[in-house]
There are 2 protein chains.
Amino acid sequence: MTGTDVEVQLREAGLRVTRQRVAVLSVLHDHPHTDTDTVIRRVREVAGDVSHQAVYDVLRALTDTGLVRRIQPTGSVARYEVRVGDNHHHVVCRSCGAIGDVDCAVGHAPCLTASDPHGFVIDEAEVTYWGICPACAAEAAAS
Amino acid sequence: MTGTDVEVQLREAGLRVTRQRVAVLSVLHDHPHTDTDTVIRRVREVAGDVSHQAVYDVLRALTDTGLVRRIQPTGSVARYEVRVGDNHHHVVCRSCGAIGDVDCAVGHAPCLTASDPHGFVIDEAEVTYWGICPACAAEAAAS
DNA sequence: CGCCCTTTCTGGAACAAATCAAGTCTTTGT
DNA sequence: ACAAAGACTTGATTTGTTCCAGAAAGGGCG
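Predicted model only: the values in this text are computed from it and were never measured. (Residues numbered from 1 in each chain as written. Chains lettered and ligands numbered in written order. Predicted model: local features only at pLDDT ≥ 70, side-chain atom pairs only at ≥ 80, totals over all residues. Heavy atoms only, no water.)

## Some details on the overall build of chain A
Consideration 1: Within chain A, the regular secondary structure consists of five helices and six strands.
Consideration 2: Along chain A, helices (α) and strands (β) appear in the sequence α-α-β-α-α-β-β-β-β-β-α when read from the amino end.
Consideration 3: Here chain A, with 143 residues, has 44% of them falling under the buried criterion.
Consideration 4: For chain A, contacts bridging at least 24 residues in sequence account for 46% of all contacts bridging at least 6.
Consideration 5: Carbon and sulfur atoms make up 50% of the accessible area of chain A, which totals about 7,500 Å². (Helix = DSSP H or I, 4+ residues; strand = E, 2+ residues; numbered from the N terminus. Buried < 20%, exposed > 50% of the residue type's maximum accessible area, 1.4 Å probe, protein only. Contact = heavy atoms within 4.5 Å. Areas by Shrake-Rupley, 256 points an atom, 1.4 Å probe, with all protein chains shown as cover.)

## Comments concerning the packing of helix α2 (residues 19-30) of chain A against helix α3 (residues 36-47) of chain A
Packed helix pairs are specified by the crossing angle of their axes together with the interaxial distance, meaning the distance between the axes.
Residue and element names in this part refer to chain A.
Consideration 1: Here α2 crosses α3 at 115°, and the two axes come no closer than 9 Å. In this structure, the crossing between α2 and α3 has a hand that is right-handed. Counted together, Arg19, Ala23, Val24, Val27 and Leu28 of α2 and Val39, Arg42, Val43, Val46 and Ala47 of α3 form the full contact between these two elements.
Consideration 2: Its residues assigned to classes, the contact of α2 with α3 shows eight nonpolar, no polar and two charged. (Axes fitted to C-alpha atoms, helices over the stretch in contact; angles between N-to-C directions. Left-handed = near helix turned anticlockwise from the far one by under 90°. Nonpolar A, V, L, I, M, F, W, Y, C, P; charged D, E, K, R; others polar.)

## Regarding unusual backbone geometry
Consideration 1: We note that His33 of chain A has phi near 65°; this positive angle belongs to a residue other than glycine.
Consideration 2: Here His33 of chain A is to be found in the loop between α2 and β1 (34-35).

## Examining the protein's contact with DNA strand C
Consideration 1: By nearness alone, 19 residues border DNA strand C, and Gln20, Ser51 and Ala54 of chain A together with Val17 and Gln53 of chain B come closest of all.
Consideration 2: Near the protein, meaning within 4 Å, the atoms of DNA strand C are sugar or phosphate in a fraction of 67%, with bases accounting for the rest.
Consideration 3: Residue Gln20 of chain A places a side-chain N or O atom 2.9 Å away from a sugar or linking oxygen belonging to DNA strand C.
Consideration 4: In the model, a phosphate oxygen of DNA strand C is placed 3.0 Å from a nitrogen or oxygen of the Arg21 of chain A side chain.
Consideration 5: In terms of residue count, helix α4 (residues 52-65) of chain B provides more of the surface near DNA strand C than any other element does, four residues in total.
Consideration 6: A class-by-class count of the residues in the surface near DNA strand C yields six nonpolar, seven polar and six charged. (Near = heavy atom within 4 Å. Polar contact = N/O pair within 3.5 Å; in protein donor to acceptor, adjacent residues only side chain to side chain.)

## Quick notes on the protein's contact with DNA strand D
Consideration 1: In the region of DNA strand D, 20 residues are neighbours, and Gln53 of chain A together with Thr18, Arg21, Ser51 and Ala54 of chain B sit closest.
Consideration 2: Among atoms of DNA strand D positioned within 4 Å of the protein, sugar and phosphate together represent 64%.
Consideration 3: Within the side chain of Thr36 of chain A, a nitrogen or oxygen atom sits 3.3 Å from a phosphate oxygen of DNA strand D.
Consideration 4: Every element with two or more residues in the surface near DNA strand D is listed here: α4 (52-65) of chain A together with α2 (19-30) and α4 of chain B.

## Focus on the domain arrangement of chain A
Residues and elements named next belong to chain A.
Consideration 1: Partitioning chain A into domains gives domain 1 (3-80) and domain 2 (86-142).
Consideration 2: With six residues of domain 1 at the contact, the number on the domain 2 side is nine residues.
Consideration 3: For the pairing of domain 1 and domain 2, the buried interface totals around 670 Å² over both sides, and the portion due to carbon and sulfur atoms is 56%.
Consideration 4: When the area that domain 1 buries against domain 2 is broken down by residue, the three leading residues are His33, Arg69 and Pro73, summing to 67%.
Consideration 5: Our enumeration of links across domain 1 and domain 2 arrives at one salt bridge.
Consideration 6: For Glu124, the salt bridge identified is with Arg69, shortest N-O distance 3.7 Å.
Consideration 7: Along the contact surface separating domain 1 from domain 2 lie three residue pairs in polar contact (both at pLDDT 80 or more).
Consideration 8: For the side of domain 1 that touches domain 2, the per-class residue count stands at two nonpolar, two polar and two charged. (Domains from an automatic or database assignment. Buried area = accessible area lost by both parts, 1.4 Å probe. Salt bridge = Lys/Arg side-chain N within 4 Å of Asp/Glu carboxyl O.)

## A word on the sheet that holds strand β3 (residues 79-82) of chain A
All names here are of chain A.
Consideration 1: Taken in spatial order, the three strands line up as β1-β3-β2 in an open sheet, and their pairing is antiparallel. Because the sheet does not close on itself, it has two edges, and the strands there are β1 and β2 (68-71).
Consideration 2: Strands β1, β2 and β3 of the sheet are contacted by α2, whose axis makes an angle of about 90° with β3.
Consideration 3: Where α4 meets the sheet, it contacts β2 and β3, and its direction lies at approximately 105° from that of β2. (Pairing = 2+ DSSP bridges.)

Here it is in structure tokens:
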């Protein structure tokens, strides 16, 4: 994704194009599942001085317009990824917190329709798989 | 669940039986999906003075031994519920954050097996449904 | 091209949730 | 009942996030 693509994306979402926003979006494109602190550091690497507040504001603006998705597994800080059309899910390592993408096996799966939602109007089903990542499994086996 | 039941539960988990732990467990039995702050208030109602640190410690101990489950939907503070055998999931209101239980429709559902887990060893699939609760839906319709 | 209005960014402070640390008290096995 | 291990209390600290007021930058219009 080029810088121009990012600009188009911003304009189509009705957002102004600023150095900070372009930087945040491209950082998230290159590094999915990044926590806020890392976003700040990476943004500063590519765009020079940017206040942490600006990054928080941008992340909020992008989340509100649906350009990025915010995820926050239990015990983890907020993480962000660019929202892509597919309905993919995440696998989280219980040991180190690493996150991986998992494609939704069967599109709109039947079991993702709640059996008795107590009157809730449901618009999304989010799946989080918990387990051990290869690296942590190897480390555990070695010790 | 009586106080004695809770004591037995604690002993079987290899934990000492203290006033604070009994209080936390019974509070969670009576009020599922409670956030830490509310747990503290309720515990003090039934057990008198208890430091917030004690509650944090107890919740951590109970979580580590598997007696309670910690859940934390994106944008919410940590919430706790007593771990019951069934593999139920949660529905969260986007508007007010209310949480409801949803039974897992089909036990160990096939679509909860990740298609390509990238080498992760998965031991649990957690489903969070997002939507609008009846109360918030009514309020939105009224305005 | 340059002005003005609106939106956004900066810098600093404030806040809430959660954790850390040292010392005291309590539970429990003998 | 006694000692040792574990749990709790008090108080401070860290961490992640948000609030606020003023300065700066985008982008439509003359």
